[in-house]
Amino acid sequence: MSSSDRLTIGTIGTGNVAQAIVGHAVTAGYQVVLSNSRGPESLTELVGQLGANASAGTVAEAAQADIVILAVNWDKVPDAVKDVSDWNGRIVIDATNQWGGPGTEIVDLGDQTGSEHNAALMPGARVVKAFNTIVAGVTAQNPSRTNGRLVVFLAGDDPDAKTTVSAFVDSMGFSPVDLGGAREGRLMQVGGPLGGLHVVKLA
Ligand SMILES: NC(=O)c1ccc[n+]([C@@H]2O[C@H](COP(=O)([O-])OP(=O)(O)OC[C@H]3O[C@@H](n4cnc5c(N)ncnc54)[C@H](OP(=O)(O)O)[C@@H]3O)[C@@H](O)[C@H]2O)c1
């Protein structure tokens, strides 16, 4: 695939996680639109560092991308997604963890998974949980390891969206591992068996 054929990537949030992912995305040739709460002008320096494949926009503009990366703190999710008028069909990588507030405690959602909670705030979006299990500083590193690649776990209910996200993850040098539907996302949550687990899949 040539760079001009590549899907476009948008980010909602431009902090540790989003920057870690888009660093790889721009290197792989994707056009990335970054957004945060403070507006495009606040992103001039970061866009300059990322180079010609990066630009800044509003949240609504970033949400027009083929793949939208949601990477804001848990308590900011409702506010961050509310100005997007139509989520229908959008592919959203949910990189959030339900880990919130000054007390940094796991938010109790009962039987609901974090991505199920977030999907309800983005009606019609095709949500794929990914990248939330990896510490951002590790995501930012070269995913190649001796004889293998760093694993990015995926969970979501839309098979086509997962195929697209898997290809995106793979193209940046990570090894995508599909865990199943949104329910399986509970395995990836903070406190779950895969939360914070960094895994290398041998080639
Ligand atoms: N840090 C990690 O190692 C790690 C690893 C895996 C998953 N996670 C999860 O990933 C998420 C992001 O973590 P992070 O460490 O990247 O956080 P972060 O560095 O604090 O960045 C948060 C970003 O969210 C933006 N934001 C806040 N409110 C917003 C709004 N209303 N609209 C648009 N953007 C908004 C902020 O922009 P402004 O500054 O303009 O407000 C900022 O760019 C969290 O849910 C976290 O639990 C973190």
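Going by the structure above, here's the rest.
Residues numbered from 1 in each chain as written. Predicted model: local features only at pLDDT ≥ 70, side-chain atom pairs only at ≥ 80, totals over all residues. Heavy atoms only, no water.

K.L.:
I'm lost on the side chain of Asn132 in this one. Help?
P.N.:
The residue Asn132 is located in the loop between strand 8 (126–130) and helix 6 (136–139) in this model. Asn132 has contacts with Ala95, Thr96, Asn97, Met188 and Gln189, leaving out every residue within four places of it along the chain. (Helix = DSSP H or I, 4+ residues; strand = E, 2+ residues; numbered from the N terminus. Contact = heavy atoms within 4.5 Å.)

K.L.:
What am I meant to see in the pairing of strand 2 (residues 32–35) here?
P.N.:
Regular strands show a simple pattern: their side chains alternate between the two faces of the sheet. Sheet topology note: the strand 1 (residues 9–12)/strand 2 ladder contains 4 bridges and is parallel. Its bridge partner lying in strand 2, Ile9 is registered against Val32. Bridging between strand 2 and strand 3 (residues 54–56) involves 3 bridges; their strand directions are parallel. Paired with Leu34 across the bridge in strand 3 is Ala56. (Pairing = 2+ DSSP bridges.)

K.L.:
Help me understand the site of the ligand, please; the structure alone is not making it clear to me.
P.N.:
In the neighbourhood of the ligand, 25 residues make up the surrounding shell, with Thr14, Ser37, Arg38, Val72 and Ala136 lying closest. Asn16 is positioned with one of its backbone polar atoms (N or O) 3.0 Å from an oxygen atom of the ligand. The backbone of Val17 places a nitrogen or oxygen atom 2.9 Å from an oxygen atom of the ligand. When the ligand is considered free in solution it has 910 Å² of accessible area, and contact with the protein chains removes 81% of it. Sorting the residues of the shell around the ligand by element identifies helix 1 (16–27) and helix 4 (77–81) as the ones contributing at least two each. Looking at the shell around the ligand residue by residue, the classes come out as 12 nonpolar, 10 polar and 3 charged. (Near = heavy atom within 4 Å. Polar contact = N/O pair within 3.5 Å; in protein donor to acceptor, adjacent residues only side chain to side chain. Areas by Shrake-Rupley, 256 points an atom, 1.4 Å probe, with all protein chains shown as cover. Nonpolar A, V, L, I, M, F, W, Y, C, P; charged D, E, K, R; others polar.)

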